[in-house]
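Topology and contacts: notes
Okay, here's what each chain looks like letter by letter:
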Amino acid sequence: MLTRGLSILLAGLLFSAAIAKTARAAAPTPLPPTIATAISAAYANQCSMLKNTDIDGYSKTLTNRWIESEPNGTKTTKAQAIGAIKQQIAMMGLTVTDCAATISGGSVSADGNTVTVNVEQSADGTVASQNGTSPIQISATENDVWVKRGATWLQSSSTVLKNTIMLNGQVVQQNGSR
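Just so it is clear, the model here is predicted, and its values are computed rather than measured.

For helix H2 (residues 33-51), built from 19 residues, the straight-helix expectation of 27 Å at 1.5 Å per residue is met to within 8% by its first-to-last C-alpha distance of 27 Å. Turning to H2, its buried residues are Ile35, Ala36, Ile39, Ser40, Ala42, Tyr43, Gln46, Cys47, Met49 and Leu50. Immediately downstream of H2, the backbone of Thr53 shows phi near 55 degrees, a positive value.

On to the pattern of salt bridges, then. Summed over the entire model, instances satisfying the criterion amount to 1 salt bridge. Note that Asp56 and Lys86 form a salt bridge whose closest N and O atoms lie 2.5 Å from each other. Note that Asp56 is positioned in helix H3 (residues 55-59) and Lys86 in helix H4 (residues 78-92), a separation of 30 residues in sequence. The exposure class of Asp56 is partly exposed, given its relative accessible area of 46%.

We now examine the state of the cysteines. The full count for this structure, using the stated rule, is 1 disulfide. The disulfide that involves Cys47 links it to Cys99, with 1.8 Å between the sulfurs. In this structure the cystine formed by Cys47 and Cys99 twists about its S-S bond by roughly 90 degrees; its chirality is therefore right-handed. You can see Cys47 sitting in helix H2 and its partner Cys99 sitting in strand E3 (residues 95-108), a full 52 residues away along the chain.

What counts as what
- The written sequence of each chain sets the order in which its residues are numbered from 1.
- A pLDDT threshold of at least 70 governs which residues receive local features in this predicted model, and a stricter bar of 80 or more applies before side-chain atom pairs are shown or counted, although totals over entire chains, interfaces and linings include all residues.
- Note: side-chain values were computed over all heavy atoms of the structure, leaving out hydrogens and water.
- Secondary structure counts use DSSP, requiring at least four H or I residues in a row for a helix and at least two E residues in a row for a strand, with both numbered from the N terminus.
- By definition here, a helix of n residues has an expected span of 1.5 Å times n minus one.
- Type-normalised accessible area, obtained with a 1.4 Å probe on protein chains alone, sets the label of each residue: buried when under 20%, exposed when over 50%, and partly exposed for intermediate values.
- The term salt bridge refers to a side-chain nitrogen of Lys or Arg lying within 4 Å of a carboxyl oxygen of Asp or Glu.
- Criterion for a disulfide: a pair of cysteine sulfur atoms at a distance within 2.5 Å.

So, in structure tokens, the structure goes:
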């Protein structure tokens, strides 16, 4: 039922980074407030683009060498993920209606230009079905790396520690440690 492309699409929705309407820094290792605010804003920007189906804009929030590592060891490049997202939005009729990211700490490089964050992400939306649309919920725990380029923060990698995809309230994919 779910193709590999849909898995990449759904992972793409999560890398992300990608996603925030609310994000906050919290213990155990809080980020400096200015950096936490900047990274939270970057996730919110990604979410806005996904909700507006602006995948080209979303792509610009990632470095050219962005890579995602999944719990099963699979690696996905930026080009693979963006291509799959575009294809699956067209094929599956996916819409993102809500998304969020909560930063639970992280670390900052000595020069302040690289940040690794622990983040819980979620996305809600719909996909086309025989009966019109079906609800889809995606949640993930990740370690994301962001790099500062001038005044802009770009996501350079995402390591998915666990993710769950639910369709019509039923788990259809679950990876990583629980």
